[in-house]
Every structure is written in C-alpha cells, then in structure tokens.
Amino acid sequence: MLVKKLAAPLINEKLLQQAEHCYIASASISEAGFDFVRSRIPPKCKMDIVTGLDVPTSPQVLRRIWRNYQGRITLNVYTHNVFHSNVYIFDLPFRKAVAFIGSGDFTLDGIKDREELFYKITDAKQIEELKSWFTGYFEFAEPLTEALMQEYELLYPSFKQREIASRQEKEEFISLTTAGFNWETIKFKNQFFQKAHYLTFANDRAKLTTQEVVAQREEARNKLVQLHDSVKEHVHKLNLFENADINCLVSSVDPTHYSNKKVRSLSISYGRGEAELKKISQEIKLEDVVQFQLSIKLQSIEVSLYCGIGKGKVDREYVKDKMLEEEYRNQFFKLSTGLGAGYWIEVMGEKRKVETFQQAEMLAEFTKSDDWRYYAFNVGKKYSPGDPAISSDNISKTIMQEFDKLVLLYSHLLKV
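In short, a report on the structure. A quick note: this is a predicted structure, and the numbers were derived from the prediction, not measured.

## Overview of the overall build of the protein chain
Okay, so step 1: Per the secondary structure count, the protein chain includes 14 helices and 15 strands.
Okay, so step 2: The buried share of the protein chain, reckoned over its 416 residues, is 47%.
Okay, so step 3: Of the roughly 21,600 Å² of accessible surface on the protein chain, a fraction of 51% belongs to carbon and sulfur atoms.
Okay, so step 4: Averaging the locations of the 57 positively and 57 negatively charged side chains of the protein chain gives two centres separated by 2 Å.

## Remarks on the packing of aromatic side chains
Okay, so step 1: Counted under the stated rule, the structure contains 23 aromatic pairs.
Okay, so step 2: Considering the side-chain rings of Tyr 152 and Phe 159, the 6.4 Å spacing of their centres and the 45° angle between planes classify their relative orientation as tilted.
Okay, so step 3: An aromatic cluster is present here, built from Trp 183, Phe 188, Phe 192, Phe 193 and Tyr 198 joined pairwise through their rings.
Okay, so step 4: Just above the ring of Phe 192 sits the side chain of Lys 223; from NZ or CZ to the centre is 3.9 Å.

## Looking at the environment of Tyr 137
Okay, so step 1: When you line up the elements, Tyr 137 lands in helix H6 (residues 124-140).
Okay, so step 2: Sequence separation between Tyr 137 and Tyr 152 is 15 residues, and the spatial gap between their C-alpha atoms is 20 Å.
Okay, so step 3: Discounting chain neighbours no more than four positions away, the residues touching Tyr 137 are Val 50, Tyr 78 and Phe 83.

## A few points about the environment of Lys 334
Okay, so step 1: Here Lys 334 shows up in helix H12 (residues 326-337).
Okay, so step 2: What makes Lys 334 exposed here is its relative accessible area of 58%.
Okay, so step 3: Distance from Lys 334 to Arg 352, taken between C-alpha atoms, is 16 Å for residues 18 residues apart in sequence.

## Description of the nonpolar core
Okay, so step 1: Residues Phe 90, Phe 100 and Phe 106 are the most contacted members of the largest nonpolar core, which totals 102 residues.
Okay, so step 2: Take this core: its biggest share by element is eight residues, from helix H14 (residues 395-413).
Okay, so step 3: With 15 residues, the next largest nonpolar core counts Leu 130, Phe 134, Phe 138 and Ala 141 among its residues.

## Observations regarding the side chain of Gln 293
Okay, so step 1: Among the secondary structure elements, Gln 293 is positioned in strand S11 (residues 291-297).
Okay, so step 2: Side chain to side chain, Gln 293 and Ser 295 meet in a polar contact 3.3 Å long.
Okay, so step 3: Residues in contact with Gln 293, not counting those within four places in the same chain, are Ser 267, Ile 268, Ser 269, Glu 302, Val 303, Ser 304 and Tyr 306.

## Examining the pattern of salt bridges
Okay, so step 1: For the structure shown, the criterion picks out 25 salt bridges.
Okay, so step 2: Across the pair Arg 63 and Glu 146 runs a salt bridge, and its minimum N-O distance is 2.8 Å. Of the two residues, Arg 63 is situated in helix H4 (residues 59-68) and Glu 146 in helix H7 (residues 146-177); the sequence distance between them amounts to 83 residues.
Okay, so step 3: Accessibility expressed as a relative area gives 12% for Arg 63, which makes it buried.
Okay, so step 4: Taking the relative accessible area as the measure of exposure, Glu 146 reaches 30% and is therefore partly exposed.

## Topic: the sheet that holds strand S12 (residues 301-307)
Okay, so step 1: In space, the seven strands of this open sheet follow the order S9-S10-S11-S12-S15-S13-S14, with antiparallel pairing throughout. Looking along the sheet, the strands with just one partner apiece sit at the ends: strand S9 (241-242) and strand S14 (350-353).
Okay, so step 2: Pairing of S9 with strand S10 (residues 265-271), which is carried by two bridges, proceeds in the antiparallel orientation. Among the inter-strand pairings, Phe 241 is bridged to a residue of S10, identified as Gly 271.
Okay, so step 3: Each of strand S13 (343-347) and S14 touches helix H13 (residues 360-367); the most contacted strand, S13, lies at about 45° to it.
Okay, so step 4: Lying on the sheet, H14 is in contact with S10, S11, S12, S13 and strand S15 (377-383); it crosses S12 at an angle near 15°.

## Some points on the side chain of Asp 105
Okay, so step 1: Topologically, Asp 105 is positioned in the loop between strand S6 (96-102) and helix H5 (108-113).
Okay, so step 2: For Asp 105, the side chain forms a polar contact with the side chain of Thr 107, separated by 2.7 Å.

## Observations concerning unusual backbone geometry
Okay, so step 1: Residues other than glycine seldom take positive phi values, yet Leu 53 does so here, at roughly 60°.
Okay, so step 2: Note on placement: Leu 53 falls in the loop between strand S3 (46-51) and H4.
Okay, so step 3: At Met 348, a residue that is not glycine, the phi angle is positive and equals roughly 55°.
Okay, so step 4: Along the chain, Met 348 turns up in the loop between S13 and S14.

Rules used throughout
- Residues numbered from 1 in each chain as written.
- Predicted model: local features only at pLDDT ≥ 70, side-chain atom pairs only at ≥ 80, totals over all residues.
- Heavy atoms only, no water.
- Helix = DSSP H or I, 4+ residues; strand = E, 2+ residues; numbered from the N terminus.
- Buried < 20%, exposed > 50% of the residue type's maximum accessible area, 1.4 Å probe, protein only.
- Areas by Shrake-Rupley, 256 points an atom, 1.4 Å probe, with all protein chains shown as cover.
- Lys, Arg positive; Asp, Glu negative; His and termini not counted.
- Charge placed at Lys NZ, Arg CZ, Asp CG, Glu CD.
- Phe/Tyr/Trp six-rings, centres within 6.5 Å; stacked < 30°, edge-to-face > 60°.
- Lys NZ or Arg CZ within 6 Å of the ring centre and 35° of its normal.
- Contact = heavy atoms within 4.5 Å.
- Core = buried A, V, L, I, M, F, W, Y, C linked by side-chain atoms within 4.5 Å.
- Polar contact = N/O pair within 3.5 Å; in protein donor to acceptor, adjacent residues only side chain to side chain.
- Salt bridge = Lys/Arg side-chain N within 4 Å of Asp/Glu carboxyl O.
- Pairing = 2+ DSSP bridges.
- Axes fitted to C-alpha atoms, helices over the stretch in contact; angles between N-to-C directions.

In structure tokens, the structure reads:
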C-alpha cells in the first residue's frame, strides 16, 4: 500500500500510541521530526535509531537523545558508507507489527510536509526480513558518544552552510526557468533600475572580472548611491547612519572580497552612529550589530534588517537571551507580524513569512536556532523588477516607508 504522507497513518491509525518498540533507520534527523514521534509514543516504548549523518542532522537533537533518553532511546551512527535508507518499523500489541519503507527522512519535512512516498508493509515475514536488515546496520554502526558529538558539532556548521547555499541556488534557478519569471514581460520604461542593472548579478557573470562586467556593476553601484542620496535625509531622522567612508558606502564590486568569490548583490548598510556604538564598547563596529540593508539582486530590490555570517554578535546574542522573557517575546511577535504581508524572517537559511506565525511561542521557537557565528539573520521584504512601487517616481518614497515600518522592530532588537 502506497502512502504519500507518513504522518497520516501514524496518527489516524494510532500506530504511535500503540507502539511498543520503534526501529528507525534514516539519513537525517530533525528536532521537529523526533518530537513528532517521541511525543506520541507511550513512555515505556523503546526506540532504536541508526543514522548516517550524511544529510546534516541538528547536533541539538543528538544532544537531547544523549542526555535525556538513556535507556529508552539508543542511537547509533553508521560511518562505513553513505547511509541514505529510510525505514520505520513499529512493534504493536498482540505480536503485531507494521513497517514503512520510503523516501522521507526522520524530519517533519520527511514525515509530513515534503512530497515523499512510502510503502506500507504488514506481512509478518517481510517485517522480520526488514528487522534483520535493520539489525545488521544498527549493530555495525558506532554508538553515540560524547567524543563523536563534539567532533560533529565542529563540522556541522560548514555542512549546513553548503546545504543552505545549494538550496538557495536551486530556488533561484527554478524561479528563473520554471516559476513564470520572464524578463521579456517586464516593462522597464519608467523603472529606476533597468534590466542591465539586475542582470549584472546573474550566475554566469558573478565571478567575472572583465572590464565590461565590472563596468556594469559600477553602473548598478552608482544607481544605489543615487537612491541613497534621495533618502539619506529621512534615514538620518530615524537616527540611522551610513558608513562614514564614502568608498565603503556600497558593498564591493570585486568578487575576491566575497567568500564564494561571487558578486550576487550590492548593498548599502545603515545603523547606529559611531558615538552610539561607543556607548556599548570602544571596540565595537557597525558589523557587530543589526543593520538596515538596501540591496539590489538578480531578481529583486530588498529592504531588510540584516546580519551576515559572523556578523551582529552583540545584538543577536542580546535577542537570544531576551527571547526567554515573555514580555519581550510578545513584543517581538507583535512588531514582526505587524510588518504585514510580504515580509519574511530568515533564520539558519530558512525563510518564513511573518503572517505564518500565529503565536509568540511559535516565533520564539523558530528564532532560537539563530547563531551569529555560522548563519545570516534577515527580516525583510523584496520588490520584483517592474513593480510600480520601485519606479523612478516611487522608489524613494517606498524605501522611506519601509524604513519607517522596520525601525520599530529594529529598536526592539538593539542592545542599548
């Protein structure tokens, strides 16, 4: 029997509620996927899990299993080859059992949200064969140890960064080729940024340093400076300031200044002035705190509160601590959802629309995985090429209005 969403039979047939022993082999595990199963099985139900860590698995869920479920849950790591099998077996009362073989890993996406496919097995002989297969890998795998987790925690951020970059490149590729985006249907006649300004960030040009491509980037850079000149007076009234060094006003047009050696965007950043930063610390720099960012990319103009990888330590650690307080959480939720449709929050490479958060606790749960050392943090909104809001007549007004909306959340995020 074919099953599209594994969550359906697990809940509707009450398989988890009846489970006496779970055997799970999976390429990856997430906290949400683990909680989906663990919270529904009886307290006395034991779980044996084997994973390969070939797809990034959150170190937090490994730590939780190690610290909190000794004796109930045993997790082993298969290290002898790439392990990409996904098998779920449940022993039920009266010597019955059920198993599922499929594509979905032990994550909420794999169990519930993505387009996966499973095959349900109830034949006793086939289930015994599956158990024998599981035992072979489970017993030949390495037990979860403190030393293993420590080493994995050091490597995990680089694994996750590569996964995020790969997914973002795929999303851009799909948007350009199959999602209905078509440069030829966009009317640029009265637009502030023209088609050539966007195309300078295309993948086939991002690494180039030819005279022609550099000149195109400079044109886009000059348009950003022109836009800045039209809004800076208003921005200063919000107590936001650009980089005092005019040569550093816009991000670099040189690919060698980027970790991936690609120029995929140009941006201007705004934030606290030098005097205000010195109130926090004499050594603090603009990059150590949350900033406003005005950017042009291949398919968009974006306005955001932004901190890149390794940036924004002071404010991001402050927010992480303050989110433990109910009043702060509630205000963060109110200000974030109050931004309205079109805004998203990005944490650890995942973007969610602000309107999808129904409660402050949901937003707090999403943001708790933020880590300034390894991931970007972003609250923003984008405008697509050809949008009347970013026409030559309207773009300055649009940018100022968006800054006015974001400044309330910005003030809430600041460590003062």
